[in-house]
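Architecture at a glance
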Amino acid sequence: MSLEKYWNDALKKVSTTMDAGKAMWLDFINYTGDDGDVVLLSCDAEMYKENFENNCRSTVQKALDDCAGRHIEIILSISEEEENPEPVNVKKQPKVQPRKKNSYLNKNYTFDNFIPCENTMFAYNAAKAIAINPGSSYNPCLIYGGVGLGKTHLLESIGNYIEEKSPDKTVIYVTAETFTNDYINSLAGKKIVDFRIKYRKADVLLIDDIHFLDEKISTQEELFHTFNDLYESGHQIIFTCDRPVSELPNFTDRLKSRFTRGLNLSLTAPDYETRVAILKRKCEEKKTRIYDSVINYIAENVKTNVRDLEGSLTTLIAYANLLQTDITLDIAKDQLKHLITAPTASEQDISIVDITKVVASYYNIEPTQLRSKSRTAIIKDARNVAIYLSRKITQYSTTEIGNFFNRDHSTITHSIDNIEKEKKTNAELAASLDTIETKIRSKSR
Ligand code: ADP
Ligand code: MG
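These lines cover the structure that appears in this document, whether it is placed above or below. Quantities reported herein were computed from a predicted structural model and do not represent experimental measurements. Sequence order as written defines the numbering, with residues in each chain counted from 1. Chains carry letters and ligands carry numbers; both start at the beginning, A for chains and 1 for ligands, and go up in the order they are written. With pLDDT at 70 or above as the cut-off, local features in this predicted model cover only qualifying residues; side-chain atom pairs require 80 or more to be listed or tallied, and sums for whole chains, interfaces and linings still use all residues. Water and hydrogen atoms play no part in the side-chain values, which are based on all heavy atoms of the structure.

Relative accessible area decides the class of each residue, using a 1.4 Å probe on protein chains only: under 20% of the type maximum gives buried, over 50% gives exposed, and in between gives partly exposed. Helix and strand labels come from DSSP, where a helix needs a run of H or I of at least four residues and a strand needs a run of E of at least two; each type is numbered from the N terminus. Counting buried positions over the five residues of strand β5 (residues 171-175) gives four, a clear majority of the element. In this sheet, strand β6 (residues 204-208) lies alongside β5 in parallel orientation, the contact comprising five bridges. Looking at the pairing, Ile 172 lines up with Leu 205 of β6. Note on pairing: DSSP must find at least two bridges between two strands before they are called paired.

Moving on, we come to the pairing of strand β1 (residues 30-35). Pairing geometry for β1 and strand β2 (residues 38-43), over five bridges, is antiparallel. Looking across to β2, one finds that Tyr 31 is bridged to Leu 41. Taking the residues that link successive antiparallel strands as the turn, the β1-β2 hairpin has two residues, and the phi of Gly 36 there is positive, at about 65°.

Mapping Thr 314 onto the fold places it in helix α12 (residues 306-323). Looking at Thr 314, the relative accessible area reads 40%, which means it is partly exposed. Spatially, the C-alpha atom of Thr 314 lies 20 Å from that of Glu 273, the residues being 41 residues apart in sequence. The term polar contact refers here to a pair of N or O atoms within 3.5 Å; inside protein, the definition further demands a hydrogen-donor-capable atom paired with an acceptor-capable atom, and it admits residues adjacent in sequence only when both atoms are side-chain atoms. Separated by 2.7 Å, the side chain of Thr 314 and the backbone oxygen of Glu 310 make a polar contact.

The next point concerns the pattern of salt bridges. The salt bridge definition used is simple: a Lys or Arg side-chain nitrogen within 4 Å of an Asp or Glu carboxyl oxygen. Tallying each qualifying case throughout the model produces 21 salt bridges. The salt bridge involving Asp 9 is made with Lys 5; its shortest N-O contact spans 2.8 Å. A residue pair is termed a helical-turn pair when its members lie 3 or 4 positions apart in one helix, as Asp 9 and Lys 5 do in helix α1 (residues 4-17) at four residues. Notably, a salt bridge pairs Asp 194 with Lys 191, separated by 3.3 Å at the nearest N-O pair. Overall, the relative accessible area of 25% leaves Lys 191 in the partly exposed class.

Quick look at the site of ligand 1 now. Only a single heavy atom is needed: when it lies within 4 Å of a molecule or strand, its residue is near that molecule or strand. Near ligand 1 you find 17 residues, and of these Gly 148, Lys 151, Thr 152, His 153 and Glu 310 are the closest. Taking Gly 148, its main chain carries an N or O atom lying 2.7 Å from an oxygen atom of ligand 1. Measuring from an oxygen atom of ligand 1, one finds a side-chain N or O atom of Thr 152 at 2.8 Å. Surface exposure here means Shrake-Rupley accessible area, sampled with a 1.4 Å probe, where a residue is shielded only by the protein chains that are shown. Out of a free accessible area of 560 Å², ligand 1 has 92% covered by protein chains. When residues of the shell around ligand 1 are traced back to their parent elements, those giving at least two are α5 (151-165), α10 (272-285) and α12. Each residue is assigned to one of three groups, with Ala, Val, Leu, Ile, Met, Phe, Trp, Tyr, Cys and Pro labelled nonpolar, Asp, Glu, Lys and Arg labelled charged, and all others, Gly among them, labelled polar. A breakdown of the residues in the shell around ligand 1 according to their chemical character gives seven nonpolar, six polar and four charged.

This next bit is on the environment of Asp 194. With respect to the secondary-structure elements, Asp 194 resides in helix α7 (residues 192-200). Placed 47 residues apart in sequence, Asp 194 and Val 147 show a C-alpha to C-alpha distance of 33 Å.

A word on the sheet that holds strand β3 (residues 73-78). For sheets, the rule is that strands pair by backbone hydrogen bonds, running either parallel or antiparallel. Strand order in the open sheet formed by three strands is β1-β2-β3, and the pairing between neighbours is mixed. Each edge of the open sheet carries a strand with a single partner, namely β1 and β3. Taking the axes of each pair of neighbouring strands and ignoring which way they run, one obtains an average angle of 25° across the sheet. As defined by bridge partners, β2 adjoins β3 across six bridges and the pair is classed as parallel. Directly across from Val 39, in β3, lies its bridge partner Ile 74. Sitting on the sheet, helix α3 (residues 46-68) touches β2 and β3, and the angle it makes with β3 is about 165°. Axis geometry follows a simple rule: fit a line to the C-alpha atoms, using only the stretch in contact for helices, then measure angles between N-to-C directions, giving values from 0 to 180 degrees. Contacts are assigned to residue pairs that have any heavy atoms within 4.5 Å of one another.

With an omega dihedral of -5°, the bond running from Asn 139 to Pro 140 counts as a cis peptide bond. If you trace the backbone, Pro 140 turns up in the loop between α4 (121-132) and β4 (141-144). Residue Asp 209 is not a glycine yet carries a positive backbone phi of 65°. Among the structural elements, Asp 209 can be located in the loop between β6 and α8 (217-232). The class for Asp 209 is partly exposed, based on a relative accessible area of 27%.

Right, let's talk about the sheet that holds β4 for a bit. Taken together, the five strands give an open sheet; going across it, the order is β5-β6-β7-β4-β8, and neighbouring strands pair in parallel fashion. Of all strands in the sheet, those bounded by a partner on one side alone are β5 and β8 (263-266). Each strand of the sheet is rotated relative to its neighbour by a mean of 15°, with strand direction disregarded. As paired elements, β4 and β8 share four bridges and run parallel to each other. Across the sheet, residue Leu 142 finds its bridge partner in β8, namely Asn 264. Sitting on the sheet, α8 touches β6 and β7 (236-241), and the angle it makes with β7 is about 140°.

Below, the structure is given as structure tokens:
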């Protein structure tokens, strides 16, 4: 049975109780269909989605559940028209394929507009290979890397590609947070069977940001079973995570071993040429022209990740639109000064040796003692600090750091976790860490 009636009833219900300033955002939301226990909505712009999420969702959710007599999930996506918020005179391209009713994917994320660099070319090609032939050679697959490096983009590109080429395949994209909420709600509503059917019917299951599940042991347990079920039926599973799974301290070993069984793809920050190419591409997408000098300036100074690159561009375009002016290099420098700080240490190639020198001198010991087997309290403490700072400041993996300190990578992870925990309650340690870090960074200037 269609859920539209419940949706309309819910809207009626909230219209009398909700603050008008909040309720107005509901006018921008369209009901587009439903899928089992999920109501699908769309709106034309990010702004409407944001306001719906902040002002309306919780009230409407409650009303909808009351009207239906059970929990109904609400999924709001931004319709394709919005994704090109472009001027009226631009003729819209015909859509290649109508948006599938049950597609929760962001259609903006495609292989075409993902620009790989040398370091990410392998990940990009492997992701494409999976999309062309899901469930075959690279199953499961884990894409990991820091924030804003394109994990979601690549993950959803796979989903979009499969949906376009094989519309008969069921692609499910969820964030780990949605998966968790879904699971909790299904338990609360005694709908665990429905939950299992929903996820296990996927031909391709894409779960974004699984680090969110760290410490959520019972959701991990459920994911483990979902995983086995899909894997055994040859269905494709792809996850993203902000670090290698081995570095998730509170993941069960059996789930970790499931993840590491497959293909692990790492994404790293793009190099200079790729940053320029990405900026140019984003300008094209936004149909904006920006001087090369400005593009080069951004690419030279914003090195952290692609999200920050995009953020810089958005800031400048907003400024130019508001003041109806061209973006000159001076304007760019002025507008981005809050974003562009002195280069961080990792960009200046601080080595672990540099770090151990400063740490050893701070604790009044010899650098070689940090790599020794000694378990004397002071050396152990200093070693933990050196390990922690090596991970924080450099780009080395825990395995590489382990090689340096003559320890395996789980000992390294353990040391990092210990410091992370202790510095929250031990102000003295926190202050020492700050002092040492500042010394390391200033030495490298
Ligand atoms: P993550 O999930 O790793 O935090 P996202 O996939 O959300 O990062 O990427 C952040 C933004 O940067 C998105 O708008 C995405 O389209 C863009 N982006 C990231 N990497 C690339 C790339 N290599 N080429 C083009 N755009 C990219
Ligand atoms: Mg993401």
